[in-house]
Amino acid sequence: MDHLAVGVAGERAALSHYLSLGFEEVARNWRCSFGELDLVVLREDLLVFCEVKTRRGHGLSYGFDAVTPSKMTKLRRLAELFLLESNLRPSAVRFDVASVEMRERPVVTLFADAF
Amino acid sequence: MYGKVTAVVVIGVRGHLVTVESSIGRGLPALCLTGLPGASVQDARERVRPAVESSGLEWPLRRVVVNLSPVTIRKEGPGLDLPIAMSVLAATSQFPTDELPGYAFAAELSLKGELMPTPGILAVAMAAKRRGLKGVVAPEANAAEASLVEGLEVVAAPSLSAVVAFFRGRWKPGPIERSSPCEGALLNAVDLAEVRGQAQARRALEVAAAGGHNLLMVGPPGSGKTMLARRLPTILPELTRDEALEVTQLHSVAGLLDGGGLLLARPFRSPHHSVSMAGLLGGGTGLARPGEVSLAHRGVLFMDEFNEFRRDAIEGLRQPLEEGRVVVIRAMGAVEFPSSFMLVAAANPCPCGHRGDPGRVCTCPENRIESYRHKLSGPLLDRIDIRLSVPRMTPAELMSDQGAAEDSATVRARVERVRAVQRRRYRELGFTCNAQVPGPLVRGCARLSSEAEVLLEAAAETLHLSGRGFDRVLRVSRTIADLEGDDRVTATHLSEALAYRADLENREPVHVG
């Protein structure tokens, strides 16, 4: 598995985690000139933007370590752009970080309302 | 997900209770410290998590907010590591918290989760006792000082895991080895009996100790000034328990207590003349540390090469000498340290040190001697009652066997008797010794005999005694009379006191003895 495939597998694992929590998929890998949102999911009128960080094997680091303050700022701006473009008008918006460890089966740790 | 633990922050020498709250909530895993933590407490953020994890406990993978209350005081010092760790562990319910409110916590943590020796534990224990807590949790290395506070349970633990096991009811601290209260004399490595000759200086030392007078010794290098000063604490009265606690507390805050318990010997501090203002009077960045004047509290501050000290450092001695305390002003407020000490200053008679020495020739130019002496004069000298010339001993004097000199214990017994007389005399005035009596009162207290009155009048005339010089002579003669057991100051007492005023303004040093 090359690193792109690992990323895609991680995002799939994160999505199925959200689906099991009763969310529905709004967008996956939404792109604009600023960058990319990994996952956007919706439950009732709560819209969640999720940054997925995937790590191979039993690493010592957690994926969330890669989410730096500058990355957080960037994700907020991307979310604004996404809301401008879409016709969704959710009453609440949340940013999550999903840390996915690829073992025999992917293990998803969800940091809800991360920032 | 909430936990609350009591910690103690030491400001000056006083402990202040601080509540350490933890809340565990949503967000990326992080430890956020609020409530005016100083730089040394911010440090704890990186230390606490590894300490918890290597103790076999769990650090929550959540956003942890730790608040230090009250937020009005800046928290400094490493003692907050343990309370922060315990409050996070309490918030995550990793041990039963029913017993938690009765204890105060203070200890620095290592990355392995050990409790490291922490300064100021005695002040912590005293604060816990004052606020009616049941016990204190402290590092094993500080057990002896914590146990000095009566009626307080001391949980002296080696590690964080032991502290948690204690609250889980699976570990009990071992009995604390109290350092045996030894005789004060045994703690002093030196004795007055070791001083050869110098009968005049020995006597002056005894008078100084008896009346609590500050002392200036002027003499050539090698005449024994340092040796004499070093032995002054050994002839001072033994510390009372309360005094010993004050001394121990100051040394504990300075981190100078080597695991021992109560300090019983009077301190002797001899700072080098290059000492900074902060080093001498207290201060430093962040946590204000007691300076040399406070480490010498209830003991002796010896300043060798007195006129080599910085002018502002010498001027800074005025507050501690007058008030027995020193106030260090910081941006965050004033910190006060007790500093009641006997000052012993020593100086050479001139820059080369040989002026007035019969066996040597002084090579200093007149103008240099002038400026050298000029540094000695000034308002501080007014606080020094006894000024003594210490001549160099001749080889013959050093070799001669004059029989065993009196040892410190014998002299101390006399000093203690005289101190008791003074305490009784000044009971209503609130002084403890002759040196504390201010000028206007000393004339009433001295009780001169009629011949002494006549002599004093003559001396004031011929020696050009200033008003303050006059009071100094009276104070010292009162002490001499007390030493002799006389109610009245006689002409003999007065003439001895007049001899203890080596005149530094004078070109020719006055020779004594």
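Residues numbered from 1 in each chain as written. Chains lettered and ligands numbered in written order. Predicted model: local features only at pLDDT ≥ 70, side-chain atom pairs only at ≥ 80, totals over all residues. Heavy atoms only, no water.

The subject of this paragraph is the overall build of chain A. When helices and strands are counted, chain A shows 2 helices and 5 strands. Reading chain A from its N end, one meets helices and strands in the order α-β-β-β-α-β-β. When its C-alpha atoms are laid out on the principal axes, chain A stretches across 40 × 30 × 25 Å. Within chain A, the proportion of its 115 residues that are buried is 43%. Within chain A, contacts between residues at least 6 apart in sequence are counted, and of these 55% link residues at least 24 apart. (Helix = DSSP H or I, 4+ residues; strand = E, 2+ residues; numbered from the N terminus. Buried < 20%, exposed > 50% of the residue type's maximum accessible area, 1.4 Å probe, protein only. Contact = heavy atoms within 4.5 Å.)

Before going further, it helps to spend a moment on the confidence of the model for chain A. Averaged over all residues, the pLDDT of chain A equals 84, while 93% of them reach at least 70. Strand 2 (residues 35-43) of chain A holds the highest mean pLDDT among the elements of chain A, 89, whereas strand 5 (residues 106-111) of chain A holds the lowest, 83. (pLDDT = per-residue confidence, 0-100.)

Turning to the sheet that holds strand 2 (residues 14-25) of chain B, a few remarks are in order. Residue and element names in this part refer to chain B. Reading across from one edge, 3-4-2-1-5-8-9 is the order of the 7 strands in this open sheet, with mixed pairing throughout. The sheet terminates laterally at strand 3 (30-34) and strand 9 (153-157), the two strands that pair on one side only. The sheet shows a mean angle of 30° between the axes of neighbouring strands, taken without regard to direction. Here strand 5 (residues 103-105) pairs with strand 8 (residues 135-139) via 3 bridges, running parallel. Paired with Y103 across the strands is G135, a residue of strand 8. (Pairing = 2+ DSSP bridges. Axes fitted to C-alpha atoms, helices over the stretch in contact; angles between N-to-C directions.)

The next thing to look at is the interface of chain A and chain B. Note: interface size is frequently given as the accessible area lost on complex formation between the parts. Facing 10 residues of chain A, the contacting portion of chain B comprises 6 residues. Taking both partners together, chain A and chain B bury about 710 Å²; carbon and sulfur atoms supply 70% of that area. Counting every contact that joins chain A to chain B gives 1 residue pair in polar contact (both at pLDDT 80 or more). Its residues assigned to classes, the side of chain A that touches chain B comprises 8 nonpolar, no polar and 2 charged. (Buried area = accessible area lost by both parts, 1.4 Å probe. Polar contact = N/O pair within 3.5 Å; in protein donor to acceptor, adjacent residues only side chain to side chain. Nonpolar A, V, L, I, M, F, W, Y, C, P; charged D, E, K, R; others polar.)

With that settled, consider helix 22 (residues 491-499) of chain B. Residue and element names in this part refer to chain B. Residues H493, L494, A497 and L498 constitute the buried set of helix 22. Seen end-on, helix 22 carries its buried residues on one side only, within an arc spanning 135°. Residues of helix 22 that are buried in the fold lie against helix 20 (450-462) and helix 21 (467-484). (Arc of directions from axis to C-beta.)

Let us now look at the pairing of strand 3 (residues 46-56) of chain A. All names here are of chain A. The buried fraction of strand 3 is high, at 9 of 11 residues. In this structure, strand 2 lies alongside strand 3, joined through 5 bridges in antiparallel fashion. In the sheet register, L42 faces strand 3, and the bridge partner there is L47. In sequence, strand 2 turns back onto strand 3 through a hairpin of 2 residues, with E44 there showing a positive phi of about 50°. With 11 bridges joining them, strand 3 and strand 4 (residues 92-102) adopt parallel strand pairing. Paired with V52 across the strands is A98, a residue of strand 4.

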